[in-house]
Amino acid sequence: MAHRAQTILAVHLILRRGDDVLLGLRRGTGWSDGQWHLPAGHVEPGESPLDALTRETKEELDLALDPRAATLVHTMHQHLAGEDPYLHLFFAVDRWDGTPVNAEPHKCADLHWFGLRKLPTPMVPYAAAALAHHRDGVGYSEWAAG
């Protein structure tokens, strides 16, 4: 039997305040440092995507999130040559408990609200593409750019 790809599952939080979305400036992680990105993380063994989203929201922003408030708005398949494929799930949320804070300052230099039509640069490219798709109502995309 042929080898089957082991897909990595990741969740991304599109925290909405009107037409604005909350982004963090990555630092100190060794991946995309110096670029803006959505709060995000990997789904751990035994977790559902909504469990992971709730956990990551608490870890990164110190917010309590009711998973019923999350709406799956975009799915992206990412496959880069020589790497395991990713399935990115982007959830929009416009209700939460608490005030967003930078709860991981060792991984995030800043948090800031940006308009969906005025995203910052530099930004993690696949996240910028997913936000543009979300803004335009596109539910699925594929990402193969490096």
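Remember, predicted model here, so these are calculated numbers, not experimental data.

1. Here we look at unusual backbone geometry
Then step 1. The omega torsion across threonine 121 and proline 122 is -5°, close enough to zero to call that bond cis.
Then step 2. Topologically, proline 122 is positioned in the loop between strand E7 (108-115) and helix H2 (125-135).
Then step 3. For serine 32, which is not glycine, the phi dihedral falls at a positive 55°.
Then step 4. Looking at where serine 32 falls in the secondary structure, it is placed in the loop between strand E2 (20-26) and strand E3 (36-37).
Then step 5. Even without glycine at this site, aspartate 62 takes up a positive phi of about 55°.
Then step 6. Within the secondary structure, aspartate 62 sits in the loop between helix H1 (49-61) and strand E5 (71-78).

2. What about the pattern of salt bridges?
Side chains that differ in sign of charge can pair as their charged atoms come close.
Then step 1. Evaluated as defined, the whole model comprises eight salt bridges.
Then step 2. The closest approach of N and O atoms between arginine 55 and glutamate 56, which form a salt bridge, is 2.9 Å.
Then step 3. The class of arginine 55 is partly exposed, set by a relative accessible area of 22%.
Then step 4. Relative accessible area serves as the criterion here: at 10%, glutamate 56 is assigned to the buried category.
Then step 5. Residues glutamate 59 and arginine 55 are paired through a salt bridge, measuring 3.4 Å at the closest nitrogen-oxygen approach. Pair noted here: glutamate 59 and arginine 55 are both in helix H1, with a separation of four residues, about one helical turn.
Then step 6. Overlapping salt bridges bring together Glu47, Arg55, Glu56 and Glu59 as one network.

3. Brief notes about the packing of aromatic side chains
Then step 1. Per the stated rule, a full pass over the model turns up three aromatic pairs.
Then step 2. An angle of 75° between the planes, with centres 4.9 Å apart, marks the rings of tryptophan 36 and phenylalanine 114 as edge-to-face. One end of the pair, tryptophan 36, is in strand E3; the other, phenylalanine 114, is in strand E7, with 78 residues separating them in the sequence.
Then step 3. On the basis of relative accessible area, phenylalanine 114 is assigned to the buried category, the value being 13%.
Then step 4. Ring centres 6.2 Å apart and planes at 20° place the aromatic pair tryptophan 96 and tryptophan 113 in the stacked group. Of the two residues, tryptophan 96 is situated in the loop between strand E6 (86-93) and E7 and tryptophan 113 in strand E7; the sequence distance between them amounts to 17 residues.

4. Some remarks on the pairing of strand E8 (residues 140-143)
Then step 1. Burial along E8 is one-sided: the face carrying Ser141 and Trp143 is buried and the face carrying Tyr140 and Glu142 is not.
Then step 2. As paired strands, E5 and E8 are joined by four bridges and run parallel to one another. Residue pairing for E8: histidine 77 is matched across the bridge by glutamate 142.

Rules and cut-offs
Residues numbered from 1 in each chain as written. Predicted model: local features only at pLDDT ≥ 70, side-chain atom pairs only at ≥ 80, totals over all residues. Heavy atoms only, no water. Helix = DSSP H or I, 4+ residues; strand = E, 2+ residues; numbered from the N terminus. Salt bridge = Lys/Arg side-chain N within 4 Å of Asp/Glu carboxyl O. Buried < 20%, exposed > 50% of the residue type's maximum accessible area, 1.4 Å probe, protein only. Phe/Tyr/Trp six-rings, centres within 6.5 Å; stacked < 30°, edge-to-face > 60°. Pairing = 2+ DSSP bridges.

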